[in-house]
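Examining the three-dimensional arrangement
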Amino acid sequence: MSEKQGRHYEELYNRLLERGKLMHINNKKRIRIGLVLLALLPAILIIIRRLTDSDRVVFLIIWVLCMFAVSVYLIGIEYIDDSLQKTLEDVTQRDADFGELLPDSEKLHDRIHERIRERAAELIRDGYYSEPYDMVVERVESDHESEGAEQ
């Protein structure tokens, strides 16, 4: 293969990856929109029902159908994103790792605890605590959990 063809294929590969990453970013936005719809739709339907003083059963049926529609939308977005990643892996013979749309709770939990340990080490290093490291980590974790419970 000539050098010119090699550059052409590399350029095509880079454009393919850019478009894949752009689609992944757009899919993340679509997921956020779907989750917001799941949260706001019941409130909007309740307000409409109260203002119009309509039948409860009709609005319950509408609410359930809307929830199914939004759920199908979210599943479709996840399917499209998964298909995109698999296609890019097949085409490029490389891993197309763009990250996950929804982080795994275990990974998220590990990241939170790692950040807590880093913060505890910073507090000890800066002289805010003279206690042993383990006690500071426990205190920071309990503060973090109490903040999460309040929110």
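Residues numbered from 1 in each chain as written. Predicted model: local features only at pLDDT ≥ 70, side-chain atom pairs only at ≥ 80, totals over all residues. Heavy atoms only, no water.

Some thoughts on the overall build of the chain
Looking only at helices and strands, the chain features four helices and zero strands. For the chain, with 151 residues in total, the buried portion stands at 21%. Partitioning the intrachain contacts of the chain with sequence separation of at least 6 by distance along the chain shows that 53% fall at a separation of at least 24. Summing over all exposed atoms, the chain offers an accessible surface of approximately 11800 Å²; the carbon and sulfur share of this is 58%. (Helix = DSSP H or I, 4+ residues; strand = E, 2+ residues; numbered from the N terminus. Buried < 20%, exposed > 50% of the residue type's maximum accessible area, 1.4 Å probe, protein only. Contact = heavy atoms within 4.5 Å. Areas by Shrake-Rupley, 256 points an atom, 1.4 Å probe, with all protein chains shown as cover.)

Re the environment of Q85
Considering the arrangement of structural elements, one finds Q85 in helix α2 (residues 56-92). With 65 residues separating them along the chain, Q85 and G20 place their C-alpha atoms 7.8 Å apart.

Concerning a nonpolar patch on the surface
On the surface, a nonpolar cluster with roughly 330 Å² of combined accessible area is contributed by V36, L40, I44 and I48. Within the secondary structure, I44 sits in helix α1 (residues 3-52). (Patch = residues over 30% accessible without salt bridge, like charges linked within 9 Å, V, L, I, M, F, W, Y side chains within 5 Å. Salt bridge = Lys/Arg side-chain N within 4 Å of Asp/Glu carboxyl O.)

Considerations on the side chain of D81
For D81, the position within the fold is in helix α2. Put simply, D81 is tucked away with no salt bridge, and the nearest opposite charge, on R30, sits 7.7 Å away. Here N27 takes part through its side chain, which lies 3.0 Å from a polar atom of the side chain of D81. (Lys, Arg positive; Asp, Glu negative; His and termini not counted. Polar contact = N/O pair within 3.5 Å; in protein donor to acceptor, adjacent residues only side chain to side chain.)

Considerations on the confidence of the model for the chain
For the chain, the average pLDDT comes to 78, and 75% of its residues sit at 70 or higher. Averaged pLDDT values over the elements of the chain bottom out at 63 in helix α4 (residues 133-150) and peak at 87 in α2. (pLDDT = per-residue confidence, 0-100.)

Let's talk about unusual backbone geometry
A positive phi angle, near 55°, is found at D53, a position not held by glycine. Mapped onto the fold, D53 is located in the loop between α1 and α2.

Considerations on the environment of K28
As for its position among the elements, K28 is in helix α1. With 50 residues separating them in the primary sequence, K28 and E78 have C-alpha atoms 9.2 Å apart.

A short note on α1
For α1, spanning 50 residues, the distance from its first C-alpha to its last is 71 Å, which sits close to the expected 74 Å at 1.5 Å a residue. By the largest-angle criterion, L40 marks the main kink of α1, which is about 35°, and a proline, P42, follows within four residues. For α1, the complete set of buried residues consists of Y13, L17, G20, H24, N27, I31, G34, L41, L45 and R49. Of the residues flanking the end of α1, it is D53, one or two places downstream, whose phi is positive at about 55°. (Expected span 1.5 Å × (residues − 1). Bend = angle between axes of the 7 residues up to and from the residue.)

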